[in-house]
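# Summary of structural features
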Amino acid sequence: QVRLVESGGGLVQTGGFLRLSCGAAGSIFSSVAMAWYRQVPGKQRELVARITSGGSTNYADSVRGRFTISRDNAKNTVYLQMDSLKPEDTAVYYCNAFPIAEWWGWGQGTQVTVSS
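Let me begin by describing the structure that accompanies this report. (Residues numbered from 1 in each chain as written. Predicted model: local features only at pLDDT ≥ 70, side-chain atom pairs only at ≥ 80, totals over all residues. Heavy atoms only, no water.)

Counting across every chain of the model gives three aromatic pairs. Seen from their ring centres, Y37 and W106 are 5.7 Å apart, and the 85° between their planes marks the pair as edge-to-face. Of this pair, Y37 sits in strand 4 (residues 34-39) while W106 sits in the loop between strand 9 (91-97) and strand 10 (110-115); the two residues are 69 residues apart in sequence, bridging distant segments of the chain. Exposure remark for Y37: the relative accessible area of 4% places this residue in the buried category. Judged by its relative accessible area of 28%, W106 falls in the partly exposed class. Each member of the aromatic cluster is reached from another via a ring pair, and the members are Y37, Y94 and W106. (Phe/Tyr/Trp six-rings, centres within 6.5 Å; stacked < 30°, edge-to-face > 60°. Helix = DSSP H or I, 4+ residues; strand = E, 2+ residues; numbered from the N terminus. Buried < 20%, exposed > 50% of the residue type's maximum accessible area, 1.4 Å probe, protein only.)

Right, here's the structure in full:
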């Protein structure tokens, strides 16, 4: 099992920014695509952004142009820079592989709340 630890969430106003971090303990991190997901209570978890082992990125339409995913393989860490935040970005944010590696399990997530 890979241990995932998300951090960096918080409460910000509309238009603000946050930078999320996800540490992944495990030797395979550098060889897998990683992603950020988010979930609102009562709704399914959705893909926000993903990044290949080589650094190619892809974003959900709702965040493209505002969010930036990056990774530091030497630190086994993936980041999500979130700018121009909107109330609809409010959710718990998780990281995992892409596609999801269910056998990794999930971290505790980090809460992002954007006030209007």
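This is not the end of the story, as more comes after the structure.
Glancing now at the sheet that holds strand 4. With mixed pairing, the six strands of this open sheet are ordered in space as 2-10-9-4-5-6. The open sheet has two free edges, formed respectively by strand 2 (10-13) and strand 6 (57-59), since each of these has just one partner strand. In this sheet, neighbouring strand axes are inclined to one another by 25° on average, regardless of whether the strands run parallel or antiparallel. Two strands pair when backbone bridges link them, and strand 4 and strand 5 (residues 46-51) are joined in this way by five bridges, in the antiparallel orientation. In the strand pairing of strand 5, R38 is matched with E46. (Pairing = 2+ DSSP bridges. Axes fitted to C-alpha atoms, helices over the stretch in contact; angles between N-to-C directions.)

Honestly, that's just the spatial picture; any functional story needs more than this.
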